[in-house]
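Coordinates in review
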Amino acid sequence: MNISLKPLNEQIIVLTGASSGIGLATARTAARRGAKLVLASRNDEALAKLENEITSAGGQAIHVVADVGRREDVQRIADAAYERFGGFDTWVNDAGVSIWGRLEEVSDEDHHRLFQTNFWGVVYGSLVATKTLRARGGALINLGSAVSDQAVPIQGMYSASKHAVKGFTDALRMELEHDKAPVSVTLIKPAAIDTPFTQHAKNYTPNQPTLPPPVYHPDEVAMAILYAATHPKRDIYVGSGAKLMSVSNKSMPHLMDRVNSRLTYAGQLRKGPAGDREGALHAAGKDGRVRGDHHGMVMKRSFYTRASLHPVWTGAAVAAAVGAGVAAIGLMSREKRTYQWD
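All of these numbers come straight from a predicted model, not from anything done at the bench.

Overall, the coordinates contain 8 aromatic pairs when judged by the stated rule. Plain terms: the ring middles of Tyr-82 and Phe-88 are 6.3 Å apart, the flat faces sit at 75° to each other, and that makes the pair edge-to-face. Take Tyr-82: its relative accessible area is 40%, and that puts it in the partly exposed class. Ring centres of Trp-120 and Tyr-124 lie 5.7 Å apart, and the angle between their planes is 35°; on these two criteria the pair is classed as tilted. Placement of the pair is Trp-120 and Tyr-124 together in helix H4 (residues 108-136), with a separation of 4 residues, close to one helical turn. Taken together, the aromatic side chains of Phe-115, Phe-119, Trp-120, Tyr-124 and Phe-168 make up a single cluster linked through ring pairs.

As structure tokens, then:
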């Protein structure tokens, strides 16, 4: 199977979840590097503003208001790409939502809505995209998570959806390889990223949601996504913490269960009462921002991720993963807090 991916400045990229966070960071970087963009999310106002920003700077972009949990909406995204640009070369499934709350307390309606976006949105996007990519070649990039490999408490259904995304993506890759289709299929697995993710999550707890360390800048995920758009790559972990979670869960599952039930549980809650509890689960949120409101340290770059994309640096990448993981566990241990939710 011969997979040949175009340089970014020759590509048309479809990007869901483009109105905030990782999607917004990716759109801006891709536009600066000359890619033509088809931008999709539920937020018309934020998308229109982004489209105008890109075109005013000399780039080319269109936007499509769509709910990726509806297959007909996803098909409209592809149709718009054909109408404006004649197709696409890379499709990125980035849209996602979360819920902070115990599994037993979250309503069935909310659980279903999360899966409709996080899992079925990826399924619909992938199947619509591969109809085109089988014929012309290109890249399919799905956003998983560190919790695709290691579940965490409080975000149980989010973890389950990302496990499902991994299973679906891996199976689709095998089928495309069996058919010798010229399609690169990449699963991106970010660690905690400082986006509006926590503000967009529905919150069942009385505390403010937060992200456990280490936390990375969204631009690092954008870098990984655009690398995958031009280099066939099976998986990319963004942040050494993501890689460490995966390796540790495979080698020490019982220990990781105990660590997550204590440190990660507490590490996802901040002191102080919760604000907006509804978030963006059922409707578009307050978009237009790349960064979130994380109060701790945010790492601008991941040495592990950059090293992992260059095989000669692999040994250094592994060492970085171990070192950062040990540091993160120590930081969470020192940051023990008292919460109302108990």
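To continue, consider helix H7 (residues 218-230). When the terminal C-alpha atoms of H7 are compared, their 19 Å separation across 13 residues agrees well with the 18 Å that a helix rising 1.5 Å per residue should span. Counting buried positions over the 13 residues of H7 gives 11, a clear majority of the element. Within H7 the residues assigned to the buried category are Pro-218, Glu-220, Val-221, Ala-222, Ala-224, Ile-225, Leu-226, Tyr-227, Ala-228, Ala-229 and Thr-230.

Let's shift gears to the nonpolar core. In this structure, Leu-37, Leu-39 and Ile-188 are the most contacted members of the largest nonpolar core, which totals 61 residues. Sort the elements by how many residues they give to this core and H7 lands first, with 8 residues. Filtering out sequence-adjacent residues up to four positions away, Leu-37 remains in contact with Ile-13, Ala-27, Ala-30, Ala-31, Ile-54, Gln-60, Ala-61, Ile-62 and Phe-85. Of all hydrophobic cores here, the second largest spans 33 residues; its members include Val-68, Val-123, Leu-140 and Val-183.

Before going further, it helps to examine unusual backbone geometry. For the bond from Pro-213 to Pro-214, the omega torsion is 0°, close enough to zero to count as cis. With respect to the helices, strands and loops of the structure, Pro-214 is situated in the loop between strand S10 (207-209) and strand S11 (215-216). In this model, Ile-154 sits at a positive phi of 75°, which is unusual for a non-glycine residue. Mapped onto the secondary structure, Ile-154 falls in the loop between strand S6 (138-143) and helix H5 (156-178). At Lys-180, a residue that is not glycine, the phi angle is positive and equals roughly 55°. Within the element layout of this structure, Lys-180 appears in the loop between H5 and strand S7 (183-190). Classification of Lys-180 by relative accessible area gives exposed; the value is 61%.

If you walk across this open sheet you meet the 7 strands as S3-S2-S1-S4-S6-S7-S12, and the pairing is parallel. Edge strands, defined here as strands with exactly one partner in the open sheet, are strand S3 (61-65) and strand S12 (235-238). Pairwise comparison of adjacent strand axes, ignoring direction, gives a mean angle of 15° for this sheet. In the sheet, S7 pairs with S12 via 4 bridges, with the strands oriented parallel. In the sheet register, Pro-190 faces S12, and the bridge partner there is Val-238. Of the strands in this sheet, strand S1 (12-16), strand S2 (36-41), S3 and strand S4 (90-93) touch helix H3 (residues 71-85), which is tilted by about 155° from S3. H7 contacts S1, S4, S6, S7 and S12 of the sheet and is inclined by roughly 150° relative to S6.

With that settled, the discussion passes to the pattern of salt bridges. Across all of its chains, the model carries 19 salt bridges by this definition. Glu-53 is the partner of Arg-28 in a salt bridge, and the nearest nitrogen-oxygen pair spans 3.0 Å. Here the residue Arg-28 occupies a position in helix H1 (residues 21-32), and Glu-53 occupies one in helix H2 (residues 44-56), the gap between them amounting to 25 residues. Overlapping salt bridges bring together Lys-166, Asp-170, Arg-173, Arg-234 and Asp-235 as one network.

Packing of H1 against H7 leaves a shortest axis separation of 8 Å and a crossing angle of 60°. By the angle class used here, H1 and H7 are oblique. Regarding H1 and H7, the two cross each other, and that crossing is right-handed. Here Gly-21, Ile-22, Ala-25, Thr-26, Thr-29 and Ala-30 of H1 lie close against H7, whose contacting residues are Pro-218, Asp-219, Val-221, Ala-222, Ile-225 and Leu-226. A breakdown of the residues in the contact of H1 with H7 according to their chemical character gives 8 nonpolar, 3 polar and 1 charged.

Reading the values: the criteria
- Residues numbered from 1 in each chain as written.
- Predicted model: local features only at pLDDT ≥ 70, side-chain atom pairs only at ≥ 80, totals over all residues.
- Heavy atoms only, no water.
- Phe/Tyr/Trp six-rings, centres within 6.5 Å; stacked < 30°, edge-to-face > 60°.
- Buried < 20%, exposed > 50% of the residue type's maximum accessible area, 1.4 Å probe, protein only.
- Helix = DSSP H or I, 4+ residues; strand = E, 2+ residues; numbered from the N terminus.
- Expected span 1.5 Å × (residues − 1).
- Core = buried A, V, L, I, M, F, W, Y, C linked by side-chain atoms within 4.5 Å.
- Contact = heavy atoms within 4.5 Å.
- Pairing = 2+ DSSP bridges.
- Axes fitted to C-alpha atoms, helices over the stretch in contact; angles between N-to-C directions.
- Salt bridge = Lys/Arg side-chain N within 4 Å of Asp/Glu carboxyl O.
- Parallel < 35°, antiparallel > 145°, perpendicular 65-115°, else oblique.
- Left-handed = near helix turned anticlockwise from the far one by under 90°.
- Nonpolar A, V, L, I, M, F, W, Y, C, P; charged D, E, K, R; others polar.

All we've got here are geometric facts, nothing functional implied.
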